[in-house]
Protein chains: 2
Amino acid sequence: MRERISLESAIEKCCEQQRPCRNIETIPVEHGYKRVIAKDLKAFCDVPPFNSSRMDGYALCRSDLDILKNLSDSDSLSLQVVAHISAGNSAKLRLLPGQTVRIMTGAIVPEETAAIIKQEDITRTGEERICIGRGKYHHSNILFKGSLIKAGQELVSAGELLNYNQVERIASTGIPELPVYIQPAVYIINTGSELTLPGKPLAEGKIYNSNRSLLTAKLQKEHCKILIGQCPIEDNLEDIYREINRGLETADMVIISGGAADGDYDLVPSALKKIKADFIYNGLRMQPGAKSSAAVKDGKLVFSLPGNPGANGILFEALIMPILNKLKGMKNITNNWFEVVLAGNTIKSTNLRRMCRGELLERCGSLVARPIINNEPIKGITSVILDVEPGQGNEDDIVRAMLVR
Amino acid sequence: MRERISLESAIEKCCEQQRPCRNIETIPVEHGYKRVIAKDLKAFCDVPPFNSSRMDGYALCRSDLDILKNLSDSDSLSLQVVAHISAGNSAKLRLLPGQTVRIMTGAIVPEETAAIIKQEDITRTGEERICIGRGKYHHSNILFKGSLIKAGQELVSAGELLNYNQVERIASTGIPELPVYIQPAVYIINTGSELTLPGKPLAEGKIYNSNRSLLTAKLQKEHCKILIGQCPIEDNLEDIYREINRGLETADMVIISGGAADGDYDLVPSALKKIKADFIYNGLRMQPGAKSSAAVKDGKLVFSLPGNPGANGILFEALIMPILNKLKGMKNITNNWFEVVLAGNTIKSTNLRRMCRGELLERCGSLVARPIINNEPIKGITSVILDVEPGQGNEDDIVRAMLVR
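Let me begin by describing the structure that accompanies this report. (Residues numbered from 1 in each chain as written. Chains lettered and ligands numbered in written order. Predicted model: local features only at pLDDT ≥ 70, side-chain atom pairs only at ≥ 80, totals over all residues. Heavy atoms only, no water.)

Here the focus is the packing of aromatic side chains. How two aromatic rings sit relative to each other is set out by the distance from centre to centre and by the angle between their planes. Residue and element names in this part refer to chain A. Counted according to the given criterion, the structure contains 2 aromatic pairs over all chains. On the basis of an interplanar angle of 20° and a centroid distance of 5.6 Å, the ring pair of Tyr33 and Tyr164 is categorised as stacked. Placement of Tyr33 in the loop between strand 1 (24-28) and strand 2 (41-42) and of Tyr164 in helix 3 (residues 164-172) is noted, with a sequence separation of 131 residues between them. Each member of the pair, Tyr33 as well as Tyr164, is classed as buried. Just above the ring of Trp337 sits the side chain of Arg400; from NZ or CZ to the centre is 4.3 Å. (Phe/Tyr/Trp six-rings, centres within 6.5 Å; stacked < 30°, edge-to-face > 60°. Helix = DSSP H or I, 4+ residues; strand = E, 2+ residues; numbered from the N terminus. Buried < 20%, exposed > 50% of the residue type's maximum accessible area, 1.4 Å probe, protein only. Lys NZ or Arg CZ within 6 Å of the ring centre and 35° of its normal.)

In structure tokens, the structure reads:
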């Protein structure tokens, strides 16, 4: 008999057993997207490293700014252009009253500069003279040294999954290479004597194996290495046992679809016992997953999922993802659940928590979630998984949801 | 002078010029995730291909169902077990009244079966006899032939970007390989005499080039081939001209950051003229992008973006993505904008539309968007780009948003 536990308890127990990946490789910073950083990184310089002009224009000395502000409407301030500075130019100048320099976007702002006046807002009055009318000062137009990132500031901390903004920020401080955890390898096993690989003729009583494609796509999305052995596997204890062993030898995690239940031909639990794996949980108090289980052998986790592809997709996201995140070395591993209003009825259950697919939609300026019942294509903003408590599931009920990328 | 146009007009004009990729390659179905399918695919078999048992149990003949329904509370229906059928078994049986077969999940349901009674709901009364009490019939527990997919039904149509559910559905009909459009190659150019590659010493007046990392990450996310030439490029007409030419020769699209404005050292527009590219637009009526442009040469598009990485990120998502989608061969190319309530103030503008980064958050059961001003890390549900009209931008204003994956 199974002592079913909640999804949350199952995740917690599995996470306790899951060792995080600690092997590190070094990659160029521009390949850091979706990788897990293995060390805290601090900026070793200010960004920008100097006061930098935000536009093409003319630098105005501090003392001249007061003069400009106090001009009458008809007056203007005349300045001598003493230099031209372009971006990348190393000259560090100092402005004197009555002087200006023509300065380009990104160039070093001279000392004593109060502001850069836009080139559209000045008048040229001679070869090297300009004048500025009253009211042409609005902003300093200076990007101050360290205003984007300060030297010594933490950029990312070990265990963060890098997005493109973080990759950009790290590069902007001049760090050329990143220490990241290596991507885990996951071994996929699909069992069931009824399974036939796509492309082969379909004999009576057989169906095509689609879980291999589904799990490959899900693991591709998570940037894992994917290992597939003999596929599919017959409902035969020895074959299943051998494949799980091979998975444990070659990969960091094993995911099995099919053979998970209590029937005469559901041999995955028996194979896990034969392999002397310790069961972490055996059955979830929800649908799908009531007959799923997880076991651990020598620190590696084996997930036994049902054969139904819809159930596999939901359990991958809601159950396996946090544990895979821990394996990847991530420090924030939990799914990002939020509450949302249902825009449609789900299949209801009076006594069992249910998860189903859905999509996020806009309805009158609010985001709502429509349950997807019959494998219809997603037409809304994005896919979600909906978490429906017993008794819930009617239009306008508030349920939990998580985004699926 | 620039005649600025709206983002929407710029996208429309660029799309008119963008030729979709029409080169097709064939890949295994399990590698179809995020690829664009090149042909309509129809199912050539029913899924499931036969009436299939949803659980482990016993098949009940049609005429016996009526008897079961009319039993008194104390009575039960006794049946003879005439066969055992497992999943994958090719036997096609026919039930007679008074008979049952033990049937496993996924096995062919015998003809004349009204329902499968769960194995937990029967009592064994002899070697090959069972009995069923009243009230044990709830559902048919049969997954009917073709109930998931009907033979001849359209699975996907040319130009769809495949998600994992579509990949799974295609595999479930036995299609082993997919015709997909080849992934486009995009050439990245970063110009600016102030740019230094990360890892090199930073001379006075120089900054590190982070747009290379940002654009690489964005293009990785979009599964494009990424080509990077000499990087960075000095503000020198000949060098920029040569790099654009190389990009046009080797890639399907060119994206240039830096040198886009009207300053003395902004040489990208001059290089595009020298190359005899035709300008598609020159300046957007919004910030960022007021000084961006796009040009076309021999059917290939060149985007000139500003040097600011924040602006590059926003323009990639809001402007380039739909055109990249067309290049990829996608039929639904538009960004998925929706309306959302602001949970915080943005930098406001009285006369110019502005786009900025934000994140989706849950607030009291509603999804709202918080603007991200100073490059803070994302802590909410997901990243968004916010589209703020002039005068808008205060907390509780409703603005447009799009998800960034």
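Before going further, it helps to spend a moment on the pattern of salt bridges. Residues and elements named next belong to chain A. Tallied over the full model, the rule gives 46 salt bridges over all chains. With a shortest N-O distance of 3.4 Å, Arg400 and Glu8 are connected by a salt bridge. In this pair, Arg400 sits in strand 26 (residues 398-404) while Glu8 sits in helix 1 (residues 7-17), placing the two residues 392 residues apart along the sequence. The structure contains a network of salt bridges with shared partners spanning Glu8, Arg353, Asp387, Glu389 and Arg400. (Salt bridge = Lys/Arg side-chain N within 4 Å of Asp/Glu carboxyl O.)

Attention now moves to the relation of the copies chain B and chain A. By a simple turn and slide, chain B fits onto chain A: the slide is 0.0 Å along the axis, the RMSD is 0.0 Å, and the turn is 180°. The operation mapping one copy onto its partner corresponds to a two-fold rotation axis. For chain B, the smallest separation between a C-alpha atom and the rotation axis is recorded for Leu367 of chain B, amounting to 3.1 Å. Mapped onto chain A, 100% of the interface residues of chain B again fall at the interface, so both copies present the same surface. (Least-squares fit on C-alpha atoms with pLDDT ≥ 70 in both. Contact = heavy atoms within 4.5 Å.)

Moving on, we come to the pairing of strand 20 (residues 293-297) of chain B. All names here are of chain B. Among the 5 residues of strand 20, 4 are classified as buried, and the element is accordingly described as predominantly covered. Strand direction decides the pairing type here: strand 18 (residues 278-282) and strand 20, joined by 4 bridges, are antiparallel. Paired with Tyr281 across the bridge in strand 20 is Ala294. Where strand 20 folds back on strand 21 (residues 300-305), the antiparallel hairpin that results is connected by 2 residues, among which Asp298 adopts a positive phi of roughly 50°. (Pairing = 2+ DSSP bridges.)

The periodicity of an α-helix, 3.6 residues per turn, causes residues three or four places apart in sequence to face the same way. Burial of helix 4 (residues 211-221) of chain A is extensive: 10 of the 11 residues sit out of reach of the surface. Buried residues of helix 4 of chain A: Asn211, Arg212, Ser213, Leu214, Leu215, Thr216, Ala217, Lys218, Leu219 and Lys221 of chain A, and no others. Here the buried face of helix 4 of chain A lies against strand 13 (185-190), strand 16 (225-228), strand 17 (253-257), helix 7 (309-328) and strand 26 of chain A together with helix 3 (164-172) of chain B. Directly after helix 4 of chain A, the chain includes His223 of chain A, whose backbone phi takes a positive value near 55°.

The next subject is the environment of Leu227 of chain B. Residue and element names in this part refer to chain B. Take Leu227: it is sitting in strand 16 (residues 225-228). In the structure, Leu227 is positioned 176 residues away from Asn51 in sequence and 52 Å away in space, judged by C-alpha atoms. The residues touching Leu227, leaving out its near neighbours within four places in the chain, are Ala185, Val186, Tyr187, Ile188, Thr250 and Ala251.

On the side of chain A, 75 residues touch chain B, which itself brings 75 residues to the contact. Of the roughly 6,500 Å² buried between chain B and chain A, counting both surfaces, carbon and sulfur atoms make up 58%. Contact with chain A buries surface across chain B, with Glu30, Tyr164 and Glu204 of chain B losing the most and accounting together for 10% of the total. For the pair chain B and chain A, the number of links is 4 salt bridges. The shortest N-O distance in the salt bridge between Glu204 of chain A and Lys92 of chain B comes to 3.6 Å. (Buried area = accessible area lost by both parts, 1.4 Å probe.)

What follows concerns the packing of helix 1 (residues 7-17) of chain B against helix 7 (residues 309-328) of chain B. Residues and elements named next belong to chain B. Close contact between helix 1 and helix 7 brings their axes to 10 Å; oriented N to C, the two are set at 25°. Taken together, the axis directions place helix 1 and helix 7 in an arrangement best described as roughly parallel. Classified by chirality, the crossing of helix 7 by helix 1 is right-handed. Taking contact as the criterion, the partners of Leu7, Ala10, Ile11, Cys14 and Cys15 in helix 1 are, on helix 7, Ala318, Leu319, Pro322, Ile323 and Lys326. Of the residues assigned to the contact of helix 1 with helix 7, the class counts are 9 nonpolar, no polar and 1 charged. (Axes fitted to C-alpha atoms, helices over the stretch in contact; angles between N-to-C directions. Parallel < 35°, antiparallel > 145°, perpendicular 65-115°, else oblique. Left-handed = near helix turned anticlockwise from the far one by under 90°. Nonpolar A, V, L, I, M, F, W, Y, C, P; charged D, E, K, R; others polar.)

Below, the discussion takes up the state of the cysteines. Residues and elements named next belong to chain A. All chains considered together, the criterion is met by 0 disulfides over all chains. Cys131 forms no disulfide, and the closest cysteine sulfur to it belongs to Cys61, at a distance of 17 Å. Cysteine Cys231 remains unbridged, with the sulfur of Cys224 as its closest cysteine sulfur at 17 Å. (Disulfide = S-S within 2.5 Å.)

Geometric descriptors of this kind do not, in isolation, establish any biological role.
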